[in-house]
Amino acid sequence: MRVILIFALLLLSIFVSSQELYVFSEPASNMPANSLSIKYSGKFMPSHHNGKMGNRNGVEMMLGVNKFWMVHAASTFANLYAYPGLHLESGKFYAKYRFLSIDDIHKHFRAAAFMEASINRYTSFFQELSLDGDQSGVQGGFIATQLLHKLALSGTISVIKALKNESWKPISNANVSFLSFQAINYSFSAGLLVFPLKYSSFNQTNLNLYIELLGSKALDKPIHFVDIAPAAQLIFNANTKLNAGYRFQVNGNMLRMANQSYYISLERTFLNIIKNKK
Amino acid sequence: MKKYTFFILFLFVTTLSIGQIKSAKLQASGLTCAMCAKSIYNNLKAIDAIDSIDVDLNESSFLLKFKSDKDINPDIIRKKVEDAGFSVAVLDLNFTFSEKTILPDAHFIINGSAYHFLMPSKQILNGEKTFRVIDKLFQSEKAHKKSLNLSKLSCFASGIASSCCFAAGIPDGSRIFHLILINKK
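Note that the coordinates shown come from a computational prediction; the quantities given were computed from them, not determined experimentally. (Residues numbered from 1 in each chain as written. Chains lettered and ligands numbered in written order. Predicted model: local features only at pLDDT ≥ 70, side-chain atom pairs only at ≥ 80, totals over all residues.)

**Looking at the overall build of chain B**
Worth spelling out the cut-off: A helix here means a DSSP run of H or I that spans at least four residues, while a strand means a run of E at least two residues long, and both kinds are numbered starting from the N terminus. Burial is judged by counting other C-beta atoms within 10 Å of a residue's own C-beta: 20 or more means buried, 12 or fewer means exposed, and anything between counts as partly exposed, with every C-beta placed from the backbone. Contact definition: two residues whose C-beta atoms, as placed from backbone geometry, lie within 7 Å.
Scanning chain B for helices and strands turns up six helices and eight strands. Going from N to C terminus, chain B has its helices and strands arranged as α-β-α-β-β-α-β-β-β-β-α-α-α-β. Expressed as a percentage of its 185 residues, the buried residues of chain B come to 42%. Sequence separation of 24 or more characterises 67% of the internal contacts of chain B that already satisfy a separation of 6 or more.

As structure tokens, then:
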């Protein structure tokens, strides 16, 4: 285990030269003001209980409000083990405030605070806490991102609290005392711009490679997990992103829906959605 | 005598246009990717005074060509870059002059904005000359700290016209940009 972690950290330090449009986490930077992004994502989770492939789909809209604020609204639709058939699962609102920005040529250091809240129609019977389809809850935290020419490094730390909402009706006779309701989530991400080596136009396809370390530690139970998630990203026409990633657990003792998952997403950005001539 | 000089300067500022800004080179900071540059490019395109933009993606720089006789406001250019999520690292304005004498701390209104020329000595300018805007938020913090040594005048620290500018006919409290001459290769 320790060997894998050290190896991962070494990999991160080798990636010394990109991008911060991470596949599994958010950077401290915001989207341009007055721009809108729409993202579809699919997460595929082989169940270690019955071997079937569970699937969760997300639709997310992101809006750059001004240079300090951006907001997201997201929902998930899933076809999972406990509730077969594609159905609406959850809705989420996310807001991020960038409070620090130190820019230099091909460099920046940025810091932001974020808050998010989600409502979920279903009760999770797993210990892992997330607002992307798993629980109703709130989460708040901080992000710091350093861009160094082609390399971008970012760290996030947050506290998540799952809420027992009124529809929280555990399956009869199920023992739910093992569930966790509070955790610290953290991530450390590195991204590298691989292609093009030299830019010649906006429309060139970009290739970014990412490696992220994603972890969670419950505050009310002695449980945790650490995942590693490599991902690749293609950017077309400077407005369309195609992401593909694989996430797997390297250490942990949490009961999770899946210890590994495949992820794919497609995102289109629309710049200057409201035209104002000056 | 001093009053008399001010009066002459006042007339000079208000009655004569000393030149025009034809183009500018803008370098943005805080980005590497083409997607980021594209958001700046799109924002700049929305400025009415800008006729065309050439982008150098590797340098994150933009060559802006202006329409003639339009008001050019460096603050609007800066705001467009900041709205995209980035900062201005360099804004070099290309002026055209015909035999103009510029004294140290001369003030002129050009294309609708007031400029304070931080010249070490009197110079006669002819043809195209490049001046760099060295006000706060038009340079990286590091570069601006160095620039602050160039003048102790209060209008430089604040970017707002004060006593020295008023004497030159720039109304107290209005926005003023500070320029240094850049020697082009």
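**Quick word on the overall build of chain A**
The helix and strand tally for chain A stands at one helix and 12 strands. When the elements of chain A are put in sequence order from the N terminus, they spell out α-β-β-β-β-β-β-β-β-β-β-β-β. Within chain A, the fraction of its 278 residues that count as buried is 37%.

**A closer look at the interface of chain B and chain A**
Rules: When residues are sorted by character, Ala, Val, Leu, Ile, Met, Phe, Trp, Tyr, Cys and Pro go into the nonpolar class, Asp, Glu, Lys and Arg into the charged class, and all the rest, Gly among them, into the polar class.
Counting residues at the interface gives 27 residues for chain B, matched by 32 residues for chain A. Within the residue set of the side of chain B that touches chain A, elements represented by two or more residues are strand E1 (20-29), helix H2 (34-45), helix H3 (74-83) and strand E4 (87-102) of chain B. It is H2 of chain B that provides the largest number of residues to the side of chain B that touches chain A, a total of six residues. Across the side of chain B that touches chain A, the residue classes tally to 10 nonpolar, 12 polar and five charged.

**Remarks on the sheet that holds strand E5 (residues 106-110) of chain B**
Each strand in a sheet pairs with its neighbour through backbone hydrogen bonds, running either in the same direction (parallel) or in the opposite one (antiparallel). Residue and element names in this part refer to chain B. To be explicit about the condition: A strand pair is defined by DSSP finding two or more bridges across the two strands. A fitted line through C-alpha atoms represents every axis, and for helices the fit uses only the stretch in contact; the resulting angles, taken between N-to-C directions, go from 0 to 180 degrees.
Spatially, E2-E3-E1-E4-E7-E8-E6-E5 is the arrangement adopted by the eight strands of the open sheet, whose pairing is mixed. The strands lining the two open edges of the sheet, one partner per strand, are strand E2 (50-56) and E5. Across this sheet, the average inter-strand angle for adjacent strands is 30°, counted without regard to direction. Where E5 and strand E6 (residues 113-117) come together, five bridges link them in antiparallel fashion. Residue pairing across strands places Ile 109 opposite Ala 114, the latter belonging to E6. On the sheet, H3 packs against E1, E4, E6, strand E7 (123-133) and strand E8 (176-182) and is oriented at approximately 160° with respect to E4.

**A few points about H2 of chain B**
One turn of the α-helix equals 3.6 residues, which is why residues spaced by three or four share an orientation. All names here are of chain B. For clarity, the threshold we go by: Multiply 1.5 Å by the residue count of a helix minus one, and that product is the helix's expected span.
In this model, H2 (12 residues) spans 16 Å end to end at C-alpha, consistent with the 16 Å of a helix rising 1.5 Å per residue. Counted residue by residue, H2 has 11 buried out of 12 residues, so it is predominantly covered. Every buried residue belonging to H2 is among Ala 34, Met 35, Cys 36, Ala 37, Lys 38, Ser 39, Ile 40, Tyr 41, Asn 42, Asn 43 and Leu 44, and all of these are buried.

**Thoughts on the nonpolar core**
Test applied: Among buried residues, those of type Ala, Val, Leu, Ile, Met, Phe, Trp, Tyr and Cys that are joined through C-beta atoms within 7 Å form a set called a nonpolar core.
Counting 55 residues, the largest nonpolar core has Leu 26, Ala 28, Ile 40 and Leu 91 of chain B as its most contacted members. Ignoring anything within four residues of it in the chain, the contact list for Leu 26 of chain B reads Ser 61, Phe 62, Leu 64, Ile 77, Val 88, Val 90 and Leu 91 of chain B. Of all hydrophobic cores here, the second largest spans 15 residues; its members include Tyr 210, Ile 211, Ala 229 and Ala 231 of chain A.

**Looking at the confidence of the model for chain B**
Residues and elements named next belong to chain B. Short version of the rule: Per-residue confidence from the prediction method is given by pLDDT, with values spanning 0 to 100.
The predicted model of chain B has a mean per-residue pLDDT of 84, with 89% of residues at 70 or higher. With pLDDT under 50 throughout, residues 7-16 is counted as low confidence; its partners more than four residues away or in other chains account for 10 contacts. Here the complex is predicted with pTM 0.82, and the ipTM for its interfaces comes to 0.76.

**Observations regarding H3 of chain B**
Residue and element names in this part refer to chain B. For H3, the full list of buried residues reads Pro 74, Ile 77, Lys 80, Val 81, Glu 82 and Asp 83. Where the residues of H3 are buried, they touch E1, H2, E4, E6, E7 and E8. Phi turns positive, to about 105°, at Gly 85, one or two residues after H3.

**Concerning the sheet that holds strand E4 (residues 87-104) of chain A**
Residue and element names in this part refer to chain A. With antiparallel pairing, 12 strands are arranged side by side around a closed barrel as E1-E2-E3-E4-E5-E6-E7-E8-E9-E10-E11-E12. Strand-to-strand twist of the sheet, defined as the mean angle between neighbouring strand axes without regard to direction, takes the value 20°. Judged from the nine bridges that link them, strand E11 (residues 240-252) and strand E12 (residues 260-270) form a sheet pairing that is antiparallel. The residue of E12 that forms the bridge with Leu 242 is Leu 266.

**Considering the pairing of strand E2 (residues 53-64) of chain A**
Residue and element names in this part refer to chain A. Sheet analysis places strand E1 (residues 35-46) next to E2, joined by 12 bridges and oriented antiparallel. If you follow Phe 44 over to E2, its bridge partner there is Asn 55. Taking the residues between adjacent antiparallel strands as the criterion, E1 and E2 are bridged by six residues, where Gly 51 takes a positive phi near 80°. As paired elements, E2 and strand E3 (residues 69-79) share 10 bridges and run antiparallel to each other. Bridge pairing in E3 places Leu 63 opposite Val 71.

**Overview of unusual backbone geometry**
Here the residue pair Phe 195 of chain A and Pro 196 of chain A is connected by a cis peptide bond, since its omega of 0° sits within 30 degrees of zero. Position of Pro 196 of chain A relative to the elements: it lies in the loop between strand E8 (182-195) and strand E9 (206-218). Even without glycine at this site, Ser 60 of chain B takes up a positive phi of about 50°. Within the secondary structure, Ser 60 of chain B sits in the loop between E2 and strand E3 (61-66). Notably, Asp 69 of chain B is not glycine yet its phi reads approximately 60°, a positive angle. Inspection of the secondary structure assignment puts Asp 69 of chain B in the loop between E3 and H3. By C-beta crowding, Asp 69 of chain B is classed as exposed, having 10 other C-beta atoms within 10 Å.

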